[in-house]
Amino acid sequence: MAIYALAELEPSIHPDAYVHPDATVIGDVRIAAGASVWPGTVLRGDNGYIELGSRSNVQDGCVLHCTQRHPTILGENSAIGHSVHVEGATIGTGCLIASGSVVLNGTVVEDGGMVGAGAVLSYDSRVPSGHIALGVPAKTRPNTAFGPEQIAAVVDSYVARAKRFRAELRRLD
Ligand SMILES: CC(C)(COP(=O)(O)OP(=O)(O)OC[C@H]1O[C@@H](n2cnc3c(N)ncnc32)[C@H](O)[C@@H]1OP(=O)(O)O)[C@@H](O)C(=O)NCCC(=O)NCCS
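This is a predicted model, so every value here is computed, not measured.

Analysis parameters
Residue numbers restart at each chain and count upward from 1, following the sequence in its written direction. The predicted origin of the model limits local features to residues at a pLDDT of at least 70 and limits the giving and counting of side-chain atom pairs to 80 or more, whereas totals for whole chains, interfaces and linings rest on all residues. The side-chain values count all of the structure's non-hydrogen atoms but skip hydrogen atoms and water molecules. Ring pairs are drawn from Phe, Tyr and Trp, using the six-membered ring of Trp, whenever the two centres fall within 6.5 Å, and their geometry is named by plane angle: stacked under 30 degrees, edge-to-face over 60, tilted for the rest. Per the convention used, a helix needs a DSSP run of H or I reaching at least four residues, while a strand needs a run of E reaching at least two, with both numbered from the N terminus. When accessible area is computed with a 1.4 Å probe and restricted to protein chains, residues below 20% of their type maximum are described as buried, those above 50% as exposed, and intermediate ones as partly exposed. Nearness here has a simple test: a residue counts as near a molecule or strand if at least one of its heavy atoms is within 4 Å of that partner. In protein, a polar contact requires one atom able to donate a hydrogen and another able to accept it; more generally it is a pair of N or O atoms within 3.5 Å, and residues adjacent in sequence count only if both atoms are side-chain atoms. Accessible surface area values rest on a Shrake-Rupley calculation with a 1.4 Å probe, where residue burial reflects the displayed protein chains alone. Under the convention adopted here, Pro, Cys and the residues Ala, Val, Leu, Ile, Met, Phe, Trp and Tyr are nonpolar, Asp, Glu, Lys and Arg are charged, and Gly plus all remaining residues are polar. Note: two strands are recorded as paired if DSSP finds a minimum of 2 bridges between them. Any Lys or Arg side-chain nitrogen located within 4 Å of an Asp or Glu carboxyl oxygen qualifies as a salt bridge. How far a helix is expected to stretch is found by multiplying one less than its residue total by 1.5 Å. The arc refers to the directions leading from the helix axis to the C-beta atoms. Contact between two residues is taken to exist if any of their heavy atoms lie within 4.5 Å; hydrogens are not considered.

(A) Region of interest: the packing of aromatic side chains. One pass over the structure, following the stated rule, counts four aromatic pairs. Relative to Trp38, the ring of Tyr18 has its centre 5.4 Å away and its plane inclined at 55 degrees; by these criteria the two rings are tilted. You can see Tyr18 sitting in strand S3 (residues 18-19) and its partner Trp38 sitting in the loop between strand S5 (36-37) and strand S6 (42-52), a full 20 residues away along the chain. Looking at Trp38, the relative accessible area reads 3%, which means it is buried. Between Trp38 and Tyr158 the ring centres are 5.5 Å apart and the planes differ by 80 degrees, which places this aromatic pair in the edge-to-face class.

(B) Seen up close, the site of the ligand. The environment of the ligand is made up of Gln59, Ala98, Ser99, Met114, Gly116, Ala117, Ile132, Leu134, Gly135, Arg141, Ala145 and Phe146. Separating a nitrogen atom of the ligand from a backbone N or O atom of Ala117 is a distance of 2.8 Å. In the environment of the ligand, an oxygen atom lies 3.1 Å from a nitrogen or oxygen atom belonging to the side chain of Arg141. Burial of the ligand by the surrounding chains reaches 47%, relative to a free accessible area of 910 Å². The residue makeup of the shell around the ligand, split by class, is seven nonpolar, four polar and one charged.

(C) Highlighting the sheet that holds S5. Read across the sheet, eight strands follow the order S3-S5-S7-S10-S13-S16-S19-S20 without closing on themselves; strand pairing throughout is mixed. Two strands lie at the open edges of the sheet, namely S3 and strand S20 (139-142), each paired on one side alone. Two elements, strand S10 (residues 79-80) and strand S13 (residues 96-97), share two bridges in a ladder whose sense is parallel. Bridge assignment links Ile80 to a residue of S13, and that residue is Ile97.

(D) Molecular detail of the pattern of salt bridges. Taken as a whole and assessed by the stated rule, the structure comprises seven salt bridges. Between Arg30 and Asp28 there is a salt bridge whose closest N-O contact spans 2.9 Å. For Arg126, the salt bridge identified is with Glu110, shortest N-O distance 2.8 Å. Here Glu110 lies in the loop between strand S15 (108-109) and strand S16 (114-115) and Arg126 lies in strand S18 (residues 126-127), a separation of 16 residues in the sequence. A relative accessible area of 27% means that Glu110 is categorised as partly exposed. Salt bridges here are not isolated pairs; linked through shared partners, they connect Asp28, Arg30 and Glu51.

(E) Spatial organisation of helix H1 (residues 148-168). Its 21 residues give H1 an end-to-end C-alpha distance of 30 Å, which sits within 8% of 30 Å, the value for a rise of 1.5 Å per residue. Those residues of H1 that sit buried are Ile151, Val155, Tyr158, Val159 and Ala162. The buried residues of H1 occupy an angular sector of 100 degrees when projected down its axis, which confines them to one face. H1 presents Glu149, Lys163, Arg164 and Ala167 as exposed residues on the side facing more than 90 degrees away from its buried surface. On its buried face, H1 is in contact with S3, S5, strand S7 (57-58), S10 and S13.

In structure tokens form, the structure reads like this:
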């Protein structure tokens, strides 16, 4: 597993979290119980910190970074889809940041907010609760496309998947 300390900066990973062996976790990264981190994802807490709330997931091929001014914080029961870049943003509880999106410094996604696939949120953007950000540059509107129960289903499926991977994944090479 690629988990690194950088001088005094050391990841803190709850024993009930799941970090896939091909994810990379460096420095001040705090991962709560039931959270999961999937292959090819990089969490680099070398300048500021990254925090993943309980039962949240960061799917394959994501890059999460942070700054001293803007840590990257993901609340509880939230999902970050495949190939997402988050740089110094605060994402609340019950949020979905969908595939291929870019979420930049100082952005706040309030509880229950969503970022649609491929959206780019520039500096200091805000996605209110129950809203979705779509497009490049992203525009925000009430979310009628993907409800809180659908976000919860994604989260639940990843909690279950992490348990399965912990029990059944075998490396063959
Ligand atoms: C946002 C999303 C839910 C929209 O799904 P949809 O079924 O196409 O939704 P709708 O049919 O209601 O489309 C709503 C409008 O948004 C547009 N739209 C849909 N997805 C869009 C996107 N990613 N970016 C920009 N516009 C988008 C549609 O063209 C439509 O435009 P209109 O109102 O002008 O006609 C979908 O694009 C998405 O991001 N899904 C998340 C997938 C994911 O990450 N799942 C979890 C991973 S496990």
